[in-house]
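Given next are the chains, with one letter for each unit.
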Amino acid sequence: MDLVIRQALSTLRAMWQWRWIGVLVAWAVGIVAAVVVMRMPDQYEASARIYVDTQSVLKPLMAGLAVQPNVDQQVYMLSRTLISRPNVAKLVRMADLDHGITTKEEQDNLIDQLLRTLVLANNGNNVYTVAYQDKEPNKAMRVVQSLTSIFVESSLGNKRLDSNSAKQFIEDQIKIYEQKLADA
(Lines give C-alpha, C1' and ligand atoms only; values in the text may rest on other atoms or scores of the structure.)
Protein backbone atom coordinates (compact mmCIF):
# COMPACT_ATOMS: atom_id res chain seq x y z
CA MET A 1 0.00 0.00 0.00
CA ASP A 2 2.93 2.29 0.79
CA LEU A 3 4.27 1.75 -2.72
CA VAL A 4 1.00 2.80 -4.34
CA ILE A 5 0.85 6.02 -2.28
CA ARG A 6 4.47 6.88 -3.16
CA GLN A 7 3.81 6.31 -6.86
CA ALA A 8 0.69 8.49 -6.71
CA LEU A 9 2.57 11.30 -4.95
CA SER A 10 5.43 11.05 -7.44
CA THR A 11 2.99 11.30 -10.34
CA LEU A 12 1.21 14.28 -8.77
CA ARG A 13 4.53 16.13 -8.23
CA ALA A 14 5.53 15.53 -11.87
CA MET A 15 2.12 16.76 -13.05
CA TRP A 16 2.42 19.90 -10.92
CA GLN A 17 5.94 20.58 -12.18
CA TRP A 18 4.86 20.38 -15.85
CA ARG A 19 1.39 21.96 -15.43
CA TRP A 20 2.05 24.99 -17.68
CA ILE A 21 3.23 22.83 -20.54
CA GLY A 22 0.10 20.68 -20.06
CA VAL A 23 -2.10 23.79 -20.17
CA LEU A 24 -0.38 25.03 -23.36
CA VAL A 25 -0.76 21.61 -25.03
CA ALA A 26 -4.44 21.48 -24.03
CA TRP A 27 -5.02 24.97 -25.50
CA ALA A 28 -3.19 24.06 -28.71
CA VAL A 29 -5.20 20.86 -29.14
CA GLY A 30 -8.43 22.75 -28.38
CA ILE A 31 -7.69 25.47 -30.95
CA VAL A 32 -6.75 22.93 -33.64
CA ALA A 33 -9.90 20.91 -32.90
CA ALA A 34 -12.07 24.05 -33.06
CA VAL A 35 -10.59 25.01 -36.45
CA VAL A 36 -11.15 21.49 -37.81
CA VAL A 37 -14.76 21.43 -36.58
CA MET A 38 -15.48 24.89 -38.01
CA ARG A 39 -14.15 23.85 -41.43
CA MET A 40 -16.31 20.73 -41.60
CA PRO A 41 -19.33 21.19 -43.88
CA ASP A 42 -22.77 21.08 -42.32
CA GLN A 43 -24.80 17.93 -42.92
CA TYR A 44 -28.56 17.93 -42.51
CA GLU A 45 -30.62 14.78 -42.41
CA ALA A 46 -34.31 14.53 -43.07
CA SER A 47 -36.14 11.34 -42.28
CA ALA A 48 -39.68 10.02 -42.29
CA ARG A 49 -41.13 6.97 -40.63
CA ILE A 50 -43.68 5.05 -42.67
CA TYR A 51 -45.90 2.16 -41.65
CA VAL A 52 -46.03 -0.34 -44.49
CA ASP A 53 -48.33 -3.31 -44.82
CA THR A 54 -45.66 -5.42 -46.49
CA GLN A 55 -48.03 -8.24 -47.30
CA SER A 56 -50.20 -6.10 -49.59
CA VAL A 57 -47.32 -4.14 -51.11
CA LEU A 58 -45.16 -7.15 -51.82
CA LYS A 59 -47.95 -9.58 -52.76
CA PRO A 60 -47.68 -8.95 -56.54
CA LEU A 61 -43.89 -9.27 -56.36
CA MET A 62 -44.00 -12.55 -54.49
CA ALA A 63 -46.70 -14.18 -56.62
CA GLY A 64 -45.52 -17.61 -57.63
CA LEU A 65 -43.03 -18.00 -54.81
CA ALA A 66 -43.62 -21.12 -52.74
CA VAL A 67 -41.68 -19.92 -49.70
CA GLN A 68 -42.29 -16.58 -48.05
CA PRO A 69 -39.06 -14.57 -47.76
CA ASN A 70 -37.83 -13.43 -44.36
CA VAL A 71 -38.07 -9.85 -43.13
CA ASP A 72 -34.64 -8.84 -44.47
CA GLN A 73 -35.60 -10.03 -47.92
CA GLN A 74 -38.90 -8.16 -47.67
CA VAL A 75 -37.06 -4.95 -46.77
CA TYR A 76 -34.71 -5.47 -49.70
CA MET A 77 -37.62 -6.04 -52.08
CA LEU A 78 -39.45 -3.01 -50.71
CA SER A 79 -36.36 -0.82 -51.07
CA ARG A 80 -35.89 -2.00 -54.66
CA THR A 81 -39.49 -1.09 -55.49
CA LEU A 82 -39.54 2.21 -53.60
CA ILE A 83 -36.04 3.35 -54.51
CA SER A 84 -36.11 2.24 -58.12
CA ARG A 85 -34.72 4.26 -61.02
CA PRO A 86 -38.14 5.41 -62.34
CA ASN A 87 -39.24 6.48 -58.86
CA VAL A 88 -35.96 8.35 -58.27
CA ALA A 89 -36.32 10.07 -61.66
CA LYS A 90 -39.81 11.16 -60.58
CA LEU A 91 -38.33 12.22 -57.23
CA VAL A 92 -35.78 14.45 -59.00
CA ARG A 93 -38.59 16.28 -60.77
CA MET A 94 -40.84 16.52 -57.70
CA ALA A 95 -38.09 17.84 -55.39
CA ASP A 96 -36.85 20.34 -58.00
CA LEU A 97 -33.39 18.81 -58.03
CA ASP A 98 -33.14 19.08 -61.81
CA HIS A 99 -32.61 22.85 -61.91
CA GLY A 100 -29.34 23.58 -63.66
CA ILE A 101 -29.12 20.12 -65.18
CA THR A 102 -28.81 20.38 -68.94
CA THR A 103 -27.65 17.00 -70.18
CA LYS A 104 -28.95 13.47 -69.85
CA GLU A 105 -25.58 12.42 -68.39
CA GLU A 106 -25.85 14.95 -65.55
CA GLN A 107 -29.36 13.72 -64.79
CA ASP A 108 -28.17 10.09 -64.77
CA ASN A 109 -25.31 11.02 -62.41
CA LEU A 110 -27.77 12.78 -60.08
CA ILE A 111 -30.08 9.75 -60.09
CA ASP A 112 -27.15 7.41 -59.39
CA GLN A 113 -25.99 9.63 -56.53
CA LEU A 114 -29.51 9.65 -55.03
CA LEU A 115 -29.75 5.87 -55.36
CA ARG A 116 -26.53 5.56 -53.34
CA THR A 117 -27.45 8.05 -50.61
CA LEU A 118 -31.13 7.35 -49.95
CA VAL A 119 -31.56 5.10 -46.92
CA LEU A 120 -34.47 2.76 -46.23
CA ALA A 121 -34.26 0.98 -42.86
CA ASN A 122 -36.59 -1.39 -41.04
CA ASN A 123 -37.43 -0.32 -37.48
CA GLY A 124 -39.51 -3.42 -36.76
CA ASN A 125 -43.26 -3.98 -36.80
CA ASN A 126 -43.48 -2.88 -40.45
CA VAL A 127 -42.29 0.65 -39.64
CA TYR A 128 -39.65 1.85 -42.07
CA THR A 129 -37.46 4.94 -41.99
CA VAL A 130 -36.63 6.84 -45.16
CA ALA A 131 -33.63 9.15 -44.67
CA TYR A 132 -31.51 11.46 -46.79
CA GLN A 133 -28.52 13.69 -45.92
CA ASP A 134 -27.50 16.85 -47.72
CA LYS A 135 -25.68 20.13 -47.14
CA GLU A 136 -28.94 22.07 -47.63
CA PRO A 137 -31.68 21.41 -45.07
CA ASN A 138 -34.54 22.32 -47.42
CA LYS A 139 -33.24 20.03 -50.14
CA ALA A 140 -33.01 17.09 -47.74
CA MET A 141 -36.55 17.77 -46.53
CA ARG A 142 -37.92 18.04 -50.11
CA VAL A 143 -36.30 14.75 -51.12
CA VAL A 144 -37.78 12.83 -48.19
CA GLN A 145 -41.21 14.47 -48.61
CA SER A 146 -41.25 13.68 -52.32
CA LEU A 147 -40.18 10.08 -51.79
CA THR A 148 -42.86 9.65 -49.13
CA SER A 149 -45.45 11.16 -51.48
CA ILE A 150 -44.40 8.80 -54.28
CA PHE A 151 -44.73 5.84 -51.95
CA VAL A 152 -48.14 6.93 -50.63
CA GLU A 153 -49.43 7.57 -54.16
CA SER A 154 -48.29 4.16 -55.38
CA SER A 155 -49.75 2.52 -52.28
CA LEU A 156 -53.07 4.29 -52.81
CA GLY A 157 -53.05 3.23 -56.45
CA ASN A 158 -52.55 -0.40 -55.39
CA LYS A 159 -55.32 -0.11 -52.80
CA ARG A 160 -57.68 1.31 -55.46
CA LEU A 161 -56.86 -1.56 -57.81
CA ASP A 162 -57.43 -4.05 -55.00
CA SER A 163 -60.74 -2.38 -54.11
CA ASN A 164 -61.90 -2.28 -57.73
CA SER A 165 -61.05 -5.95 -58.29
CA ALA A 166 -62.81 -6.90 -55.04
CA LYS A 167 -65.86 -4.87 -56.07
CA GLN A 168 -65.88 -6.51 -59.50
CA PHE A 169 -65.61 -9.97 -57.91
CA ILE A 170 -68.53 -9.26 -55.57
CA GLU A 171 -70.65 -7.92 -58.43
CA ASP A 172 -69.88 -11.03 -60.50
CA GLN A 173 -70.84 -13.26 -57.58
CA ILE A 174 -74.10 -11.34 -57.11
CA LYS A 175 -74.95 -11.83 -60.80
CA ILE A 176 -74.19 -15.55 -60.57
CA TYR A 177 -76.38 -15.95 -57.48
CA GLU A 178 -79.16 -13.84 -59.07
CA GLN A 179 -79.06 -16.15 -62.09
CA LYS A 180 -79.16 -19.25 -59.86
CA LEU A 181 -82.05 -17.77 -57.88
CA ALA A 182 -83.96 -16.91 -61.06
CA ASP A 183 -83.37 -20.43 -62.40
CA ALA A 184 -84.55 -21.98 -59.16
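Residues numbered from 1 in each chain as written. Predicted model: local features only at pLDDT ≥ 70, side-chain atom pairs only at ≥ 80, totals over all residues. Heavy atoms only, no water.

A. The arrangement of the pattern of salt bridges in detail. In the structure shown here, the tally under the stated rule is five salt bridges. Linking Arg 85 and Asp 108 is a salt bridge whose minimum nitrogen-to-oxygen distance equals 3.6 Å. Highlighted residues: Arg 85 in helix 5 (residues 85-94) and Asp 108 in helix 6 (residues 104-117), separated in sequence by 23 residues. Using a relative accessible area of 34% as the deciding quantity, one classes Arg 85 as partly exposed. The class of Asp 108 is partly exposed, set by a relative accessible area of 24%. (Salt bridge = Lys/Arg side-chain N within 4 Å of Asp/Glu carboxyl O. Helix = DSSP H or I, 4+ residues; strand = E, 2+ residues; numbered from the N terminus. Buried < 20%, exposed > 50% of the residue type's maximum accessible area, 1.4 Å probe, protein only.)

B. Representation of the pairing of strand 2 (residues 119-122). Pairing of strand 2 with strand 3 (residues 127-134) involves four bridges; the strand directions are antiparallel. Within the sheet, the bridge partner assigned to Val 119 lies in strand 3 and is Ala 131. Here strand 2 folds back onto strand 3 in antiparallel fashion, the turn holding four residues, of which Gly 124 has a positive phi close to 95°. (Pairing = 2+ DSSP bridges.)

C. Just unusual backbone geometry, in detail. One non-glycine residue, Asp 96, lies in positive phi territory at about 55°. When you line up the elements, Asp 96 lands in the loop between helix 5 and helix 6. A relative accessible area of 41% means that Asp 96 is categorised as partly exposed.

D. Structural view of the nonpolar core. Core analysis: the biggest nonpolar cluster contains 26 residues, and Leu 82, Leu 91, Leu 97, Leu 114, Leu 118, Tyr 132 and Val 143 have the highest contact counts within it. Within the residue set of this core, elements represented by two or more residues are strand 1 (44-51), helix 5, helix 6, strand 3 and helix 7 (137-183). When residues of this core are assigned to their parent elements, the largest contribution, six residues, is made by helix 7. When near neighbours in sequence (up to four residues on either side) are disregarded, Val 143 contacts Leu 91, Ala 95, Leu 97, Leu 118 and Tyr 132. (Core = buried A, V, L, I, M, F, W, Y, C linked by side-chain atoms within 4.5 Å. Contact = heavy atoms within 4.5 Å.)

E. The packing of helix 5 against helix 6, seen in detail. At a minimum axis separation of 10 Å, helix 5 and helix 6 run at an interaxial angle of 110°. Comparing their axes, helix 6 and helix 5 come out roughly perpendicular. For the pair formed by helix 5 and helix 6, the contact residues are Arg 85, Val 88, Ala 89, Leu 91 and Val 92 on the first element and Asp 108, Leu 110, Ile 111, Asp 112, Leu 114 and Leu 115 on the second. Among the residues making up the contact of helix 5 with helix 6, the classes are represented as eight nonpolar, no polar and three charged. (Axes fitted to C-alpha atoms, helices over the stretch in contact; angles between N-to-C directions. Parallel < 35°, antiparallel > 145°, perpendicular 65-115°, else oblique. Nonpolar A, V, L, I, M, F, W, Y, C, P; charged D, E, K, R; others polar.)

F. A look at the packing of aromatic side chains. Here the structure, examined in full by the defined rule, presents zero aromatic pairs. Residue placement shows Arg 19 over the ring face of Trp 16; its charged tip is 4.0 Å from the ring centre. (Phe/Tyr/Trp six-rings, centres within 6.5 Å; stacked < 30°, edge-to-face > 60°. Lys NZ or Arg CZ within 6 Å of the ring centre and 35° of its normal.)

G. Fine view of the confidence of the model for the protein chain. Summary statistics for the protein chain give a mean pLDDT of 81 and a share of 79% for residues scoring 70 or more. Mean pLDDT across the elements of the protein chain ranges from a minimum in helix 3 (residues 54-58), with 53, to a maximum in helix 2 (residues 19-39), with 95. (pLDDT = per-residue confidence, 0-100.)

H. Molecular detail of helix 1 (residues 2-17). Spanning 16 residues, helix 1 covers 23 Å between terminal C-alpha atoms, matching the ideal 22 Å at 1.5 Å per step. Here helix 1 lies mainly on the outside; zero of its 16 residues are buried. (Expected span 1.5 Å × (residues − 1).)

I. Layout of a nonpolar patch on the surface. Taken together, Met 1, Ile 5, Leu 9, Leu 12 and Met 15 make up a surface patch of nonpolar side chains, about 570 Å² in accessible area. Here Leu 9 shows up in helix 1. Looking at Leu 9, the relative accessible area reads 41%, which means it is partly exposed. (Patch = residues over 30% accessible without salt bridge, like charges linked within 9 Å, V, L, I, M, F, W, Y side chains within 5 Å. Areas by Shrake-Rupley, 256 points an atom, 1.4 Å probe, with all protein chains shown as cover.)

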